[in-house]
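# Survey of secondary and tertiary structure
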Amino acid sequence: MVDAVDLEKKLSRAMGRAIGDFNMIAEGDRILVAVSGGKDSYTMLHLLRQLQEKAPVSFELEVVNIDQGHPGYPADVLRDYMARENHRFTMIEEDTYSIVTEKIPANKTYCSLCSRLRRGILYRVATELRCNKIALGHHRDDVLQTFLLNFLFAGQLAAMPPKLVASTGHIVLRPLLYCAEEDIAAFAEAQKFPILPCDLCGSQDNLQRKVVGRMIDQLERDRPGTKASMLAALQNVRPSQLLDRNLWAQLGLEAARDLPESGGESGAPLIMATRLARHVS
Ligand SMILES: Nc1ncnc2c1ncn2[C@@H]1O[C@H](COP(=O)(O)OP(=O)(O)OP(=O)(O)O)[C@@H](O)[C@H]1O
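Everything numeric in this text was worked out from a predicted model, so none of it was measured. (Residues numbered from 1 in each chain as written. Predicted model: local features only at pLDDT ≥ 70, side-chain atom pairs only at ≥ 80, totals over all residues.)

To continue, consider unusual backbone geometry. Notably, R130 is not glycine yet its phi reads approximately 60 degrees, a positive angle. Position of R130 among the secondary structure elements: in the loop between helix 5 (111-128) and strand 4 (133-135). Taking the C-beta count within 10 Å as the criterion, R130 has 10 such neighbours and is therefore assigned exposed. (Helix = DSSP H or I, 4+ residues; strand = E, 2+ residues; numbered from the N terminus. Buried ≥ 20, exposed ≤ 12 C-beta atoms within 10 Å, placed from the backbone.)

Core analysis: the largest hydrophobic core is formed by 42 residues, its most contacted members being L32, V33, A34, I134 and A135. With six residues, the top contributor of residues to this core is helix 1 (residues 4-21). Contacts of V33, omitting those with residues within four sequence positions, involve M44, L45, L48, L61, E62, V63 and A135. Of all hydrophobic cores here, the second largest spans five residues; its members include Y97, V100, Y110 and C201. (Core = buried A, V, L, I, M, F, W, Y, C linked by C-beta atoms within 7 Å. Contact = placed C-beta atoms within 7 Å.)

Relative to strand 3 (residues 89-93), strand 2 (residues 60-67) is paired through five bridges, and the arrangement is parallel. Note on strand 3: the bridge partner recorded for D67 is E93. Read as a crossover between parallel neighbours, the route from strand 2 over helix 3 (residues 75-84) to strand 3 is right-handed. (Pairing = 2+ DSSP bridges. Right-handed = clockwise from strand over helix to strand, strands pointing away.)

With that settled, the discussion passes to the environment of R223. Here R223 is to be found in the loop between helix 8 (207-222) and helix 9 (226-234). When the C-alpha atoms of R223 and L157 are compared, they prove to be 23 Å apart, with 66 residues separating the residues in sequence.

Considering the arrangement of structural elements, one finds M215 in helix 8. Overall, the presence of 13 C-beta atoms within 10 Å leaves M215 in the partly exposed class.

Turning our attention to the packing of helix 2 (residues 39-54) against helix 7 (residues 181-191). Where helix 2 meets helix 7, the axes come as close as 9 Å, and the angle between the chain directions of the two elements is 75 degrees. Between helix 2 and helix 7, the angle is such that the two are roughly perpendicular. Contacts from K39, D40, Y42, T43 and H46 of helix 2 reach helix 7 at I184, A185, F187, A188 and Q191. Its residues assigned to classes, the contact of helix 2 with helix 7 comprises five nonpolar, three polar and two charged. (Axes fitted to C-alpha atoms, helices over the stretch in contact; angles between N-to-C directions. Parallel < 35°, antiparallel > 145°, perpendicular 65-115°, else oblique. Nonpolar A, V, L, I, M, F, W, Y, C, P; charged D, E, K, R; others polar.)

In this fold, D244 is placed in the loop between helix 9 and helix 10 (245-251). The sequence separation of D244 and L157 amounts to 87 residues, and the corresponding C-alpha distance is 9.7 Å.

It is worth spelling out the sheet that holds strand 1 (residues 30-34) at this point. Ordered in space as 3-2-1-4-6-5, the six strands form an open sheet in which the pairing is mixed. Every interior strand has two partners, whereas the edge strands, strand 3 and strand 5 (163-165), have only one. Going from strand to strand, the sheet's axes swing by 25 degrees on average, the running direction of each strand aside. Across three bridges, strand 1 lies against strand 4 in parallel orientation. Along strand 4, the bridge assignment pairs L32 with I134. In this fold helix 3 packs onto strand 2 and strand 3, with an angle of close to 165 degrees to the strand it touches most, strand 3.

What follows covers the site of the ligand. Of all residues adjacent to the ligand, which total 16 residues, the nearest are S36, G38, D40, S41 and G137. Where the shell around the ligand is concerned, the elements lending two or more residues are helix 2 and strand 2. Class assignment of the residues belonging to the shell around the ligand gives a composition of six nonpolar, seven polar and three charged. (Near = placed C-beta within 6 Å.)

A word on the confidence of the model for the protein chain. Per-residue pLDDT for the protein chain averages 89, and the proportion of residues at 70 or more is 89%. For this predicted complex, the interface confidence reaches an ipTM of 0.94, while the overall pTM sits at 0.89. (pLDDT = per-residue confidence, 0-100.)

Let us look at helix 2. Here helix 2 contains 16 residues, and its C-alpha end-to-end distance of 23 Å stays within 8% of the 22 Å for a straight helix at 1.5 Å per residue. Taken together, the buried positions of helix 2 are K39, D40, S41, Y42, T43, M44, L45, L47 and L48. Taken together, the buried residues of helix 2 touch helix 1, strand 1, strand 2, strand 4 and helix 7. (Expected span 1.5 Å × (residues − 1).)

Take the pairing of strand 1 next. In regular strands, side chains alternate between the two faces of the sheet. Within strand 1, four of the five residues are buried, which leaves the element mostly enclosed by the surrounding structure. Here strand 1 pairs with strand 2 via five bridges, running parallel. Bridging across to strand 2, I31 finds its partner in L61. One crossover worth recording links strand 1 to the parallel strand 2 by way of helix 2, and it is right-handed.

Okay, structure coming up:
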């Protein structure tokens, strides 16, 4: 049983590694921290605030929540928490719920349109608050699920970008991308974050994603370390072992090389073991 202090250290180390690996934060940044009231974004906010206090670079945090007009949205819970914790907090009221329920048939999931509308609002608010970056609370398990969803059902080899330049020029960050969901859940519980319900829209939450999530969880139960291996794989891409002709052209490849030092048959396990050692801890 890991206690809250150890969990905090573990999560904070994982977040620090992601921030360092992808050069996410620089001196003078103004970061809009998008908080939904769920466990992931509460945890992200908590860890970013801690980092802010000890980091060698100085940056600012602007916390934003969008009240999307769901019936029964307990806005005061979030307002009270932000006031108690002394965060710079803005709640934006935009009734995207009416748009989504009008456009999407009742038996279909609202998630995709709802999150697209939300993203547009976040970009607008980031401009209004003079924020150059936007932090989202996606974590390792979101990344793995997205990867598998794309692989199995969308014909693409793609996960989620750790850092993305949006068309508006804002930089979108995912600082929790190395953090395990179960650690976040345990930490959020230990911290007693006042979690807002996520089923207020009554829509079936992205069913396909849930199925894939359960598949990965089962694999992890059968073979502990599977998730760490999947995450390591996303950081250990061998373009020449894939079949993307455009990628081959971009890399100027004529044929795949089978040199041991480039990780041919014999090199692969060693590289994987090294990477795993970095990420299992
Ligand atoms: N209503 C909202 N207002 C502000 N930011 C949001 C809102 N909803 C989602 N986000 C941001 O988008 C991220 C991903 O949203 P998603 O709905 O997939 O969250 P989630 O997996 O339920 O995470 P969380 O536990 O933070 O709610 C959140 O972590 C948060 O950063």
